[in-house]
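Letter by letter, the chains look like this.
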Amino acid sequence: MTAGAGRVDVHQHIVPAFYRGLLTKAGIAEAGGRALPGWSPQAALELMDLLGTTTAIVSVSTPGTGFLTDPGEAADLARRLNDCSASLAADHAGRFGYFATLPMPDTTASAAEARRAMDELGADGVTLLANNQGAYLGAGGQDALWRVLDERGAVVFVHPAELPAPAVQGIPPFAADFLLDTTRAAYLLVRNGIARTYPNIRFILSHAGGFVPYASHRMAVAIAGDTGRSPLDVLDDFRGFYFDTALSSSPAALPTLLAFARPGHVLFGSDWPFAPTPAGQYFAGGLDTGVDPDLLQAVNRGNAEALFPRLAASPASTPVRPVPTRLRQAAQRAAARLVFKLVQPGTD
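Read on for a plain summary of the structure. (Residues numbered from 1 in each chain as written. Predicted model: local features only at pLDDT ≥ 70, side-chain atom pairs only at ≥ 80, totals over all residues. Heavy atoms only, no water.)

Our next topic: the sheet that holds strand β5 (residues 96-101). Pairing is parallel in the open sheet, where 8 strands are placed in the order β1-β4-β5-β6-β9-β10-β11-β12. Two strands close off the open sheet at either side, each with one partner strand: β1 (7-13) and β12 (266-267). Strand direction decides the pairing type here: strand β11 (residues 242-244) and β12, joined by 2 bridges, are parallel. Bridge assignment links D244 to a residue of β12, and that residue is L267. (Pairing = 2+ DSSP bridges. Helix = DSSP H or I, 4+ residues; strand = E, 2+ residues; numbered from the N terminus.)

There is about 500 Å³ of room inside the largest pocket. As for the largest pocket, its lining consists of 27 residues, and the residues nearest its centre are L179, H207, A246, L247 and S248. Broken down by secondary-structure element, the contributors of at least two residues to the lining of the largest pocket are α6 (177-191), α8 (212-227) and α10 (254-260). Residue composition of the lining of the largest pocket, grouped by class: 18 nonpolar, 7 polar and 2 charged. (1 Å grid on protein atoms, 1.4 Å probe; cavity = no way out; pocket = protein on both sides within 12 Å on 5 of 7 lines; lining within 4 Å. Points joined across faces, edges and corners; volume = space filled by probe spheres on them. Nonpolar A, V, L, I, M, F, W, Y, C, P; charged D, E, K, R; others polar.)

Attention shifts here to the environment of G6. Turning to its location among the elements, G6 is positioned in the segment before β1. For the pair G6 and L51, spaced 45 residues apart in sequence, the C-alpha to C-alpha distance is 9.3 Å. Residue contacts for G6: discarding those within four places in its chain leaves G52, T54, N300 and R301. (Contact = heavy atoms within 4.5 Å.)

Core analysis: the largest hydrophobic core is formed by 79 residues, its most contacted members being V126, L128, W146, L149, F203, F238 and F241. Excluding residues that lie within four positions of it along the chain, F238 makes contacts with A186, Y187, V190, V212, S216, M219, A220, I223, F243 and F260. One finds V10, I57, F99 and V155 within the second-largest nonpolar core, a separate group that totals 13 residues. (Core = buried A, V, L, I, M, F, W, Y, C linked by side-chain atoms within 4.5 Å. Buried < 20%, exposed > 50% of the residue type's maximum accessible area, 1.4 Å probe, protein only.)

This is the structure in structure tokens:
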């Protein structure tokens, strides 16, 4: 058994062949500065076995449906992606759940698809990009969608998109811009009162919330000065978010996240396949070696079971792999832990 056995991964992506084909047809070969990765259910299950992940709640990463300018085409693609995700979950009982794709920035169509996906298809929640064609979550005109999600107590997985501005040469968007994009959305969700007006929505912020834990007090002072609210109330709203550990469980970032987040609000995430397998191993190793056992169990699984009760009610079982496979994976995990320790900076 690995240190992370039984994990629930709330930040894993799918890239179905038909979706890749549409992106290619539109001239899109990368997302966030990374080439579109290969994906298949079998490859996902192999990665999950390696990291000790029992269940992955998958989503579609940027650009989602946002590359389509025709609202009808975007809505059709969202339905197709959600039907595909529902089939994946049905074909691999207990191993996959999914966050439904919504055709934002069309909030009316998004509200309708959210209803269909959650009420008819059994989606675990929805995924929303931090900005959709330059329109950020938390901006005006989105209440029709928030009402639908609030009525259902929905989990909303917030994933960054590319900033509505040219990328800076030499800085791939996934490395820095993504963190700012998530932070901007979180700021507006708090500043404009969405988090308080719709308290039944549970928001998960990708990549440890971008800059939110680190800059929370600075942002709270700014919002308090702008709105007249108490900085403590603003901080309470920021702490109400959930956070995943994707690419963020390092000795520099993880202590800040754990010090800021409410108990029970940190969840495991890998960001596979956009984060390649070695990156997933590296940051999973950082979590396994940097957190005490009780907290580790909560981050790996317990917190997700509280957020998604179906996982506790019907825990999935991981198939026992052949001995050579298990030995190979054990060697890979040991090597990853060693690499993690070797690349940490000294104390001088």
